[in-house]
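Observations on chain architecture
The lines below spell out each chain.
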Amino acid sequence: MRRVKRLLLWSLALVGLGMVVVVAAGAVLYARAAVSTVGELRFENALRIPPLLEPREDGERKVFELTLQAGRTELLPGKQAETWGANGAYLGPTLRAVRGERVEPQVRNALPETTTIHWHGMHLPAAADGGPHQTIRPGETWRPSWEVDQPAATLWYHPHPHGETADHVYRGIAGMFILDDPEADALPLPDVYGVNDIPLIIQDKGLHEDGSLDFSQRLISPTGRLGDTILVNGTYDPHLAIRNQRVRFRLLNASNARIYNVGFADDRTFDLIATDGGLLETPARLTRVQLSPGERAEIVAVFAPGERVVLRSFEPELGTNFFENRFAGGDDSFDLLQVRAASTLAPSPQVPPRLVRTDPLREGAAVRTRSFELGGTSINGKDFDLSRIDAAVQTGTTEVWEVRNTSGTPHNFHPHDVRFHVLDYAGGPAPPQLRGLKDTVYVPPGKRVRLVVRFGEYADPDLPYMLHCHVLQHEDRGMMGQFVVVQPGQTAGRPPLHDHAAHTSSRRAEHRVRSVKTWRAHGSRRT
Ligand SMILES: [Cu+2]
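Not measured: the values here are computed from a predicted model.

How each quantity is defined
- Residues numbered from 1 in each chain as written.
- Predicted model: local features only at pLDDT ≥ 70, side-chain atom pairs only at ≥ 80, totals over all residues.
- Heavy atoms only, no water.
- Pairing = 2+ DSSP bridges.
- Helix = DSSP H or I, 4+ residues; strand = E, 2+ residues; numbered from the N terminus.
- Phe/Tyr/Trp six-rings, centres within 6.5 Å; stacked < 30°, edge-to-face > 60°.
- Buried < 20%, exposed > 50% of the residue type's maximum accessible area, 1.4 Å probe, protein only.
- Salt bridge = Lys/Arg side-chain N within 4 Å of Asp/Glu carboxyl O.
- Donors = N, O, S within 2.8 Å, 3.2 Å for Na, K, Ca; no water.
- Patch = residues over 30% accessible without salt bridge, like charges linked within 9 Å, V, L, I, M, F, W, Y side chains within 5 Å.
- Areas by Shrake-Rupley, 256 points an atom, 1.4 Å probe, with all protein chains shown as cover.
- Lys, Arg positive; Asp, Glu negative; His and termini not counted.
- Charge placed at Lys NZ, Arg CZ, Asp CG, Glu CD.

Side note on the sheet that holds strand 21 (residues 296-302)
- Across the sheet, which stays open at both edges, the 7 strands sit in the order 14-13-12-16-21-18-19 with mixed pairing between neighbours. Lying at the two open borders of the sheet, with one neighbouring strand each, are strand 14 (235-236) and strand 19 (278-286).

Here is the structure:
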């Protein structure tokens, strides 16, 4: 009897000790998970501006030559990292075209792996979209072509290969694709690229002491890779010298998983003039604009002669629970860029109170409602399948898409080819930054977002467009579906399948081994 009692006491003590260890480990992880660089940067490096890619005029077409290549980059000054880029070792040039022009990017893959290039936010035929069906094998050149037919906007391009998007984007392939139109050109907005119209490609990286990319991730991260070093246009610790009173910033969240809540350190207001799909009807005076992966915003800020002010990412509002919030970056803050105003600034006209008239998308025009539930690693309970078409929509129709996040984890939603309006957001009206044309939207845990979407004229019953969570690890793990646009009376066909399924899985296994080796070779993380 006494032995039994002693045994019981011992086991209780062990269980108690175990619980203490677990709680302590949890507390340590929790405490270490929050990251802030606020007040820690010195803004020593001039912000790099991605060069504008000069197109070749070929008859009626504008040809943009892009070569995807591996190289070495100083992500940290004086240190080398192995990176990927387009026409260079990291990131890519800015492409620019005017509404009505026919463009033809020629994308040559000089990488050791099969990839794709997706034109995020672009309205185009499915065959030109650059999703996982438009693979470019090493040594091949892909030549999609389409006529630009949508309002002026800040779009971007990035790889989108099946199961490898997170990795290929993290290595560094991304660039802006700016669209212009006469209506936007007529507005007195800052528009001199690199002078008072500044692209800001915001990315977080994990970097080792030796400056190389860290491919590991935090022990607990519901959204995948979160880095503690911020690069803007690939520049570490950047500053930007300006000579104009008003400056337009084209913000792009090109990160794998991190969500930024962008504003100025002194809480000055700025005018939000455009979101993903283009200019707003009227500017919104704000102090913060939050961007989940893939989202863009254009803001115009006013500066005083000689001043220095920091553009910062404040703690984002993720709408998650206490713990998840910490591990998804909800308690993180970063200094992004220091703006240094010259002692005399050229005056700039005020942002006009009315910008453009946008295409009205009305709920009343919707022919049907579809629901998409984001949970686990799937949409509506189904993991991504290259051979399955999840929805067939008809050319020229309007639909209401209800997107619900049924999990406790941050997700967002991005359908290819289209722009949408947000009808209501998490049970209320769309906040100011979601009142314009969008192509990517954050969907808070447990909440529903209703979108009104209009489909275009490009029909293809076999080749689908993607709809997915733009948290890249979620997308790679299966939170993606496919829709086709069909003519009236047509039904969905079958996607042509290439060799990429088998090819990808063997490459992934190979890659995992390589990542582990990199991790072992470099050991410590940068702090
Ligand atoms: Cu997600």
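Digging into the packing of aromatic side chains
- Inspection of the entire model under this criterion finds 21 aromatic pairs.
- A centroid spacing of 4.8 Å and a plane angle of 55° characterise the contact between Phe372 and Trp401, whose relative ring orientation is tilted. One end of the pair, Phe372, is in strand 24 (residues 366-375); the other, Trp401, is in strand 27 (residues 398-405), with 29 residues separating them in the sequence.
- According to the relative accessible area criterion, Phe372 is buried, its value standing at 5%.

Some thoughts on the pattern of salt bridges
- By the definition in use, this model includes 33 salt bridges.
- One salt bridge connects Arg268 with Glu307, and the closest N-O pair in it is separated by 2.8 Å. Of this pair, Arg268 sits in the loop between strand 17 (260-264) and strand 18 (270-275) while Glu307 sits in the loop between strand 21 and strand 22 (308-314), placing them 39 residues apart in sequence. One exposure class covers both Arg268 and Glu307, and it is buried.
- Arg388 is the salt-bridge partner of Asp390, the closest N and O atoms lying 2.7 Å from each other.
- One network of salt bridges, in which partners are shared, links Asp276, Glu295, Arg296, Lys438 and Asp439.

Topic: the coordination of the copper ion
- Around the copper ion, the protein contributes the donor atoms His411 (ND1), Cys469 (SG) and His474 (ND1), which lie 2.0 Å from the metal centre.
- On the primary sequence, the residues serving as donors to the copper ion are separated as H-x57-C-x4-H. With His411 in strand 28 (residues 411-415) and His474 in helix 5 (residues 472-477), the pair connects residues that are 63 residues apart, well separated along the chain.
- We classify His411 as buried; its relative accessible area is 1%.

Structural notes on a nonpolar patch on the surface
- Together, Leu8, Leu9 and Leu12 line one region of the surface with nonpolar side chains, adding up to about 330 Å² of accessible area.
- Within the secondary structure, Leu9 is located in helix 1 (residues 2-33).

Describing a positive patch on the surface
- Among the surface-exposed residues, Arg2, Arg3, Lys5 and Arg6 lie close enough to one another that they form a single positively charged patch.
- Tracing the sequence through the fold places Arg3 in helix 1.

Quick word on the pairing of strand 31 (residues 448-454)
- The buried fraction of strand 31 amounts to 5 of the 7 residues, a majority that puts the element mostly inside the structure.
- Across 5 bridges, strand 29 (residues 420-425) lies against strand 31 in antiparallel orientation. Bridge pairing links Tyr425 to Val449 in strand 31.

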